[in-house]
Amino acid sequence: MSENTTHRIGLLEGDGIGPEIVPASVKIIDAAVKTVGGTAIEWVELPLGRTAIDTHGAATPQETLDALAGLDSWLLGPHDSAAYPEPHKSQLNPSGTLRKHFDLFANIRPAKSFQGSEPVVPGTDLVIVRENTQGFYADRNTYAGTGEYMPSPDVAIAMGIITRPAVERIAKEAFELAMRRDKRVTIVHKANVLRLTTGLFRDVCREVGQNYPEVSIDDFHIDAMTVHLVRRANAFDVLVTENMFGDILSDLTGELAGSLGIAPSLNSSHEKAMAQAAHGSAPDIAGQDKANPIAMILSSVMLLEWLSARTGDPKLAEVATLVERAVELTVKEGVMTGDMGGRATCSSFTDAVIERLARA
Ligand code: ATP
């Protein structure tokens, strides 16, 4: 890898707090790239979300999909699709569209508490591996249409799908990840009621697990899992589950680890990766400089690690490690946004992280 390798990374700010937390992440990464040296990033800004509806007539414009096809990776800000005007509001939302279009099947959602903060469950350090392409989110399950039906005004039906190949590939991700961590996988399902669908999910995960004899496996019903997490989130390592269960559980684990505002995620296939905070667009605090940028920053860290492995550029992994350490040091030294009990703003937290890059 030559000294002047330039990585092109897409930038989609999104809605709500997106225009605050995405630039904060970029600012920190640019500063860290400068500190580490030997690598370079070119950010490719692309339209998405509410502003793209006005400028391009679609929340996820074709121009954006075409540009992303030529990139390995991108940062996606949150979107507030519930506030879009019709017909955009009823269409598949931007992150769903991108996950489906690029078959980003693995949604990796870590929940790790910080030293210096006061999490609900101290010592939490787990990762939810969420299947991203099917399950009980009906809008991911069809080639055309949304997978939801309303035969009459008083009847609504949603379709859930679980397939063996999709479970096999997400289970493999979970077990590979567990091999790099504490070698424990917990399968989350509801096979006592959704016997065929989530039963298939559980059974195929267990089959895949036979290829990883070093990894211990247990499984819980989704409802029981919420209880165990509230009591002892710090006792789990890797959780693997279907789309909707994973979405709900990861809000819970983010909050248990300290705040939804610190919960990162990476959506990936073997070819492409999309960094996206686990939280939404937080319209209640948008435009007030109150948002916690940690989730977006740490999602970007996960993206850089992924890109480093894909391109063979070790400098990107160095940048990722430096940024993560600087964020940890910042929190340890008591600089936190309001959701974590601190008084920092999104911008002052960002500057505090940059100041600490030199000694992280
Ligand atoms: P979505 O369905 O798009 O995931 P949501 O309905 O789950 O969105 P969020 O937008 O994630 O809702 O917000 C849930 C709560 O968490 C809100 O009170 C919001 O202000 C808060 N929140 C979310 N992200 C952050 C953040 N980065 N910093 C501070 N608070 C946040």
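Residues numbered from 1 in each chain as written. Predicted model: local features only at pLDDT ≥ 70, side-chain atom pairs only at ≥ 80, totals over all residues. Heavy atoms only, no water.

Draft legend 1. Broad picture of the overall build of the chain. From N to C terminus, the chain includes 11 helices and 12 strands. Here the chain has a C-alpha radius of gyration of 20 Å; the compact-globule value for 360 residues is 21 Å, and the two agree. Considered along the principal axes of its C-alpha atoms, the chain spans approximately 55 × 50 × 45 Å. The buried share of the chain, taken over its 360 residues, is 54%. Counting contacts in the chain only where the partners sit at least 6 residues apart, residues at least 24 apart contribute 74% of the total. Carbon and sulfur atoms provide 52% of the accessible area of the chain, an area that totals close to 15300 Å². Across the chain, 33 positive and 47 negative side-chain charges occur, with their mean positions spaced 4 Å apart. (Helix = DSSP H or I, 4+ residues; strand = E, 2+ residues; numbered from the N terminus. Rg over C-alpha atoms; globule rule 2.2 N^0.38 Å. Buried < 20%, exposed > 50% of the residue type's maximum accessible area, 1.4 Å probe, protein only. Contact = heavy atoms within 4.5 Å. Areas by Shrake-Rupley, 256 points an atom, 1.4 Å probe, with all protein chains shown as cover. Lys, Arg positive; Asp, Glu negative; His and termini not counted. Charge placed at Lys NZ, Arg CZ, Asp CG, Glu CD.)

Draft legend 2. Highlighting the packing of aromatic side chains. Going through the model one piece at a time under the given rule, you end up with 4 aromatic pairs. With centroids separated by 6.3 Å and ring planes inclined at 25°, the aromatic side chains of F136 and F245 adopt a geometry described as stacked. Of this pair, F136 sits in the loop between β5 (125-131) and β6 (148-152) while F245 sits in helix α8 (residues 243-256), and the two are 109 residues apart along the sequence. With respect to class, F136 is no different from F245; both count as buried. (Phe/Tyr/Trp six-rings, centres within 6.5 Å; stacked < 30°, edge-to-face > 60°.)

Draft legend 3. Inspection of the nonpolar core at higher detail. Ranked by internal contacts, the top residues of the largest apolar core, which has 91 residues, are L75, V129, L229, V240, I294 and F349. In terms of residues, this core owes the most to one element, helix α9 (residues 294-311), which gives 11 residues. For this core, the two domains that each supply at least three residues are domain 1 (1-104 + 268-360) and domain 2 (119-257). Ignoring anything within four residues of it in the chain, the contact list for V240 reads V129, I170, A174, V185, T186, I187, V188, F201 and C205. If you look at the next biggest cluster of nonpolar residues, it comprises 13 residues, including L12, L65, W74 and L76. (Core = buried A, V, L, I, M, F, W, Y, C linked by side-chain atoms within 4.5 Å. Domains from an automatic or database assignment.)

Draft legend 4. Spatial organisation of the domain arrangement of the chain. Along its sequence, the chain is organised into domain 1 (1-104 + 268-360) and domain 2 (119-257). The centre of domain 1, based on its C-alpha atoms, is set 25 Å off from the matching centre of domain 2. Around 840 Å² of area is buried between domain 1 and domain 2 when both sides are counted, 34% of it from carbon and sulfur atoms. A per-residue breakdown of the area domain 1 buries against domain 2 is headed by R99, K100 and D103, which together make up 50% of the total. Taken together, domain 1 and domain 2 are joined by 1 salt bridge. D103 is the salt-bridge partner of R169, the closest N and O atoms lying 2.8 Å from each other. Linking domain 1 with domain 2 are 4 residue pairs in polar contact (both at pLDDT 80 or more). Looking at the side of domain 1 that touches domain 2 residue by residue, the classes come out as 3 nonpolar, 4 polar and 3 charged. (Buried area = accessible area lost by both parts, 1.4 Å probe. Salt bridge = Lys/Arg side-chain N within 4 Å of Asp/Glu carboxyl O. Polar contact = N/O pair within 3.5 Å; in protein donor to acceptor, adjacent residues only side chain to side chain. Nonpolar A, V, L, I, M, F, W, Y, C, P; charged D, E, K, R; others polar.)

Draft legend 5. Local environment of the site of the ligand. The ligand sits among 13 residues. The nearest are H279, G280, A282, D284 and N292. Take S281: an N or O atom from its main chain is 3.3 Å from an oxygen atom of the ligand. Contact distances for the ligand include 2.9 Å between an oxygen atom and a side-chain N or O atom of D284. Protein contact buries 61% of the 620 Å² of open area that the ligand shows by itself. Considering only residue class, the shell around the ligand consists of 5 nonpolar, 5 polar and 3 charged. (Near = heavy atom within 4 Å.)

Draft legend 6. The arrangement of the environment of T345 in detail. Along the chain, T345 turns up in the loop between α10 (314-332) and α11 (346-356). Between the C-alpha atom of T345 and that of K290, which follows or precedes it by 55 residues, the distance is 5.2 Å.

Draft legend 7. View of the pairing of strand β2 (residues 40-45). Relative to β2, strand β1 (residues 6-12) is paired through 6 bridges, and the arrangement is parallel. Residue L11 lies in a different strand from β2, and its bridge partner there is E45. What joins β1 to β2 is helix α1 (residues 18-36), and the crossover it makes is right-handed. (Pairing = 2+ DSSP bridges. Right-handed = clockwise from strand over helix to strand, strands pointing away.)

Draft legend 8. Spatial organisation of the packing of α9 against α10. Put simply, α9 and α10 touch, their axes get as near as 7 Å, and they point 160° apart. Taken together, α9 and α10 sit at an angle that is classed as roughly antiparallel. Crossing geometry of α9 relative to α10 is assigned as left-handed. Every residue of α10 that contacts α9 at I294, I297, L298, V301, L304, E305, L307, S308 and T311 is listed here: P314, L316, A317, V319, A320, V323, E324, V327 and V331. When grouped by side-chain class, the residues that make up the contact of α9 with α10 number 14 nonpolar, 2 polar and 2 charged. (Axes fitted to C-alpha atoms, helices over the stretch in contact; angles between N-to-C directions. Parallel < 35°, antiparallel > 145°, perpendicular 65-115°, else oblique. Left-handed = near helix turned anticlockwise from the far one by under 90°.)

Draft legend 9. Fine view of unusual backbone geometry. With omega at 10°, the peptide bond leading from E86 into P87 counts as cis. Along the polypeptide, P87 turns up in the loop between β3 (73-76) and α4 (94-101). Even without being glycine, D103 reaches a positive phi, approximately 50°. Residue classification places D103 among the partly exposed residues on the basis of a relative accessible area of 33%. Notably, D289 is not glycine yet its phi reads approximately 60°, a positive angle. For D289, the location among the structural elements is in the loop between β12 (273-276) and α9.

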